[in-house]
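# Results of the structural survey
Chain residues, written in single-letter form:
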Amino acid sequence: MPALSPQTMTAPVGGTFWRRFVLRHPLSALIVQRLALSLALLVAVSMLIFGGVEALPGDFATTYLGQSATPQAVENIRKDLGLDKPLTERYLTWLGGAVKGDFGNSWASRNSVSEQIGKRLGNSLFLAFFAAIISVPLAVLLGMLAVQFRNRLPDRIINVVSLAAISLPEFFIGYLLILFFAVQLGIATFPATVYDSMTLVERLKAIALPTATLVLVVLAHMMRMTRAAILNVMASAYVETAELKGLSQFRIIAKHAAPNAIAPVINVIALNLAYLVVGVVVVEVVFVYPGMGQYMVDAVTVRDMPVVQACGLIFAAFYILLNMAADILAILANPRLRHPR
């Protein structure tokens, strides 16, 4: 066997800094990769949003001035808004401001987009938060109960109800809730209007129907995926060993199966939490709720492009952030991902 030379003995492992980092810190390397991919995806999405909004038919200047506007008046408006500049220059200016939290001014109201979004985003997050704290624990509990009573009446009832909830669009569920609870029974508030001087109890009463709509929409999917993930783990050898020890079925599910099924469940929960923030557009419009979704729809109506672009970028950022968090949590929860071969 030939002796190793001093150059070979002192050569860096892997040849590059990144390879050495991966070999020494595999878990950190995976997390860094997810962060880099998320950042690159966000930049790509920002280009898609800006280009897509620019490609929309119609023109704000013409809409603002009306059909009788003169070409000179339209040209003056476009110059005042900076629409006469090249597309690349406008994108870089917009992206630079977005990084600093400055989305410019609304074309329609001339108010700061960032200030308006700050108020609306708080309302949307308030709605999504209470929908999440109801739907997530309930979905996990129902998924565990469906596994405990699998192929029996409770499991079949849960599956039928969840399948029906998945099949119905959120606007239809919202209108049904309005019809029964607001119109016929008169026990719920419609429209779901909130304002700064309201107490917490008044706010919760106002968002009862939109929260229930969001819960019904995301609960079924999370519950079904939780059930599938736990059933997959139930076929493992250690679960059979726990059964042979005489442990109760619910204890086996809660202490042995559910913790080992946490990685796919986390991904499903993160995707549905992202929907709670991004998918509130339809629900907010149905219930006339003053959130980001309603703000975006109003801006689309009048071709207020700075508002549309800002709302689209914020929605995309939340979606990408929650998916990145799900990937990282799945890595931390799965030993096979923490120590890849």
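Residues numbered from 1 in each chain as written. Predicted model: local features only at pLDDT ≥ 70, side-chain atom pairs only at ≥ 80, totals over all residues. Heavy atoms only, no water.

Further remarks concern the overall build of the protein. Looking only at helices and strands, one finds 18 helices and zero strands in the protein. Going through the 341 residues of the protein one by one, you find that 39% of them count as buried. A fraction of 72% describes how many contacts in the protein between residues 6 or more apart in sequence connect residues 24 or more apart. A total accessible area of about 19,200 Å² is found for the protein, and carbon and sulfur atoms account for 66% of it. (Helix = DSSP H or I, 4+ residues; strand = E, 2+ residues; numbered from the N terminus. Buried < 20%, exposed > 50% of the residue type's maximum accessible area, 1.4 Å probe, protein only. Contact = heavy atoms within 4.5 Å. Areas by Shrake-Rupley, 256 points an atom, 1.4 Å probe, with all protein chains shown as cover.)

Attention shifts here to helix α16 (residues 292-301). Turning to α16, its buried residues are M292, G293, Q294, Y295, M296 and A299. Looking one or two residues past α16, R303 carries a phi angle of roughly 60°, positive in sign.

This part covers the environment of V217. Considering the arrangement of structural elements, one finds V217 in helix α11 (residues 208-234). On the basis of relative accessibility, which here comes to 17%, the residue V217 falls in the buried class. V217 sits 55 residues away from S162 along the chain, and the two C-alpha atoms are 9.1 Å apart. In this view, V217 contacts E170, I173 and Y275; residues no more than four positions away in its chain are not counted.

For T211, the location among the structural elements is in helix α11. A distance of 2.7 Å separates a polar atom in the side chain of T211 from the backbone oxygen of I207. (Polar contact = N/O pair within 3.5 Å; in protein donor to acceptor, adjacent residues only side chain to side chain.)

Looking now at the confidence of the model for the protein. Averaged over all residues, the pLDDT of the protein equals 76, while 78% of them reach at least 70. Scored below 50 in pLDDT, residues 1-15 makes six contacts in the model with residues more than four places away or belonging to other chains. (pLDDT = per-residue confidence, 0-100.)

Viewed as axis vectors pointing N to C, helix α9 (residues 170-184) and helix α15 (residues 280-287) meet at an angle of 30°, and their least axial separation amounts to 9 Å. With respect to their mutual orientation, α9 and α15 come out roughly parallel. The handedness of the crossing between α9 and α15 comes out as right-handed. Here E170, F171, G174, Y175 and I178 of α9 come into contact with α15, specifically with V282, V283, V286 and F287. Across the contact of α9 with α15, the residue classes tally to seven nonpolar, one polar and one charged. (Axes fitted to C-alpha atoms, helices over the stretch in contact; angles between N-to-C directions. Parallel < 35°, antiparallel > 145°, perpendicular 65-115°, else oblique. Left-handed = near helix turned anticlockwise from the far one by under 90°. Nonpolar A, V, L, I, M, F, W, Y, C, P; charged D, E, K, R; others polar.)

Let's shift gears to the packing of aromatic side chains. Enumeration according to the criterion identifies six aromatic pairs in this entry. Here the aromatic rings of Y91 and W94 are separated by 6.2 Å at their centres, their planes lie at 45°, and the arrangement is tilted. Remark: W94 and Y91 occur in helix α6 (residues 87-99); sequence separation between them is three residues, near one turn of the helix. A residue is classified by how much of its surface remains accessible, and Y91, at 9% relative accessible area, is buried. Look at W94 and you get buried, because its relative accessible area is 9%. Each ring, one from F190 and one from F287, has its centre 6.3 Å from the other, and the planes form 70°; the classification is edge-to-face. In this pair, F190 sits in the loop between α9 and α10 (200-206) while F287 sits in helix α15, placing the two residues 97 residues apart along the sequence. We classify F190 as partly exposed; its relative accessible area is 39%. Taking NZ or CZ as reference, R203 lies 5.7 Å from the ring centre of F126, over its face. (Phe/Tyr/Trp six-rings, centres within 6.5 Å; stacked < 30°, edge-to-face > 60°. Lys NZ or Arg CZ within 6 Å of the ring centre and 35° of its normal.)

Further remarks concern unusual backbone geometry. Notably, V288 is not glycine yet its phi reads approximately 50°, a positive angle. Mapped onto the secondary structure, V288 falls in the loop between α15 and α16.

A surface patch of nonpolar side chains, amounting to about 570 Å² of accessible area, comprises L179, F180, F181, V183, L185 and I187. Residue placement: I187 occurs in the loop between α9 and α10. We classify I187 as exposed; its relative accessible area is 57%. (Patch = residues over 30% accessible without salt bridge, like charges linked within 9 Å, V, L, I, M, F, W, Y side chains within 5 Å. Salt bridge = Lys/Arg side-chain N within 4 Å of Asp/Glu carboxyl O.)

Right, let's get into the environment of M324. By the secondary structure assignment, M324 is in helix α17 (residues 305-333). Judged by relative accessible area, which is 14%, M324 ranks as buried.

Next up on the list: α6. With 13 residues, α6 should reach 18 Å at 1.5 Å per residue; the first-to-last C-alpha distance of 18 Å fits that figure. R90, Y91, W94, G97 and A98 are the residues of α6 that are buried. The buried residues of α6 occupy an angular sector of 135° when the element is viewed end-on, so they sit on one face. Opposite the buried face of α6, by more than 90 degrees, sit the exposed residues T88, L92, T93 and V99. Where α6 terminates, the next one or two residues include G101, which has phi positive at roughly 85°. (Expected span 1.5 Å × (residues − 1). Arc of directions from axis to C-beta.)

Bringing the side chain of N123 into the picture now. By secondary structure assignment, the location of N123 is in helix α7 (residues 113-148). Beyond its immediate chain neighbours, meaning those up to four positions away, N123 contacts V194, R203, Y289, P290 and G291.

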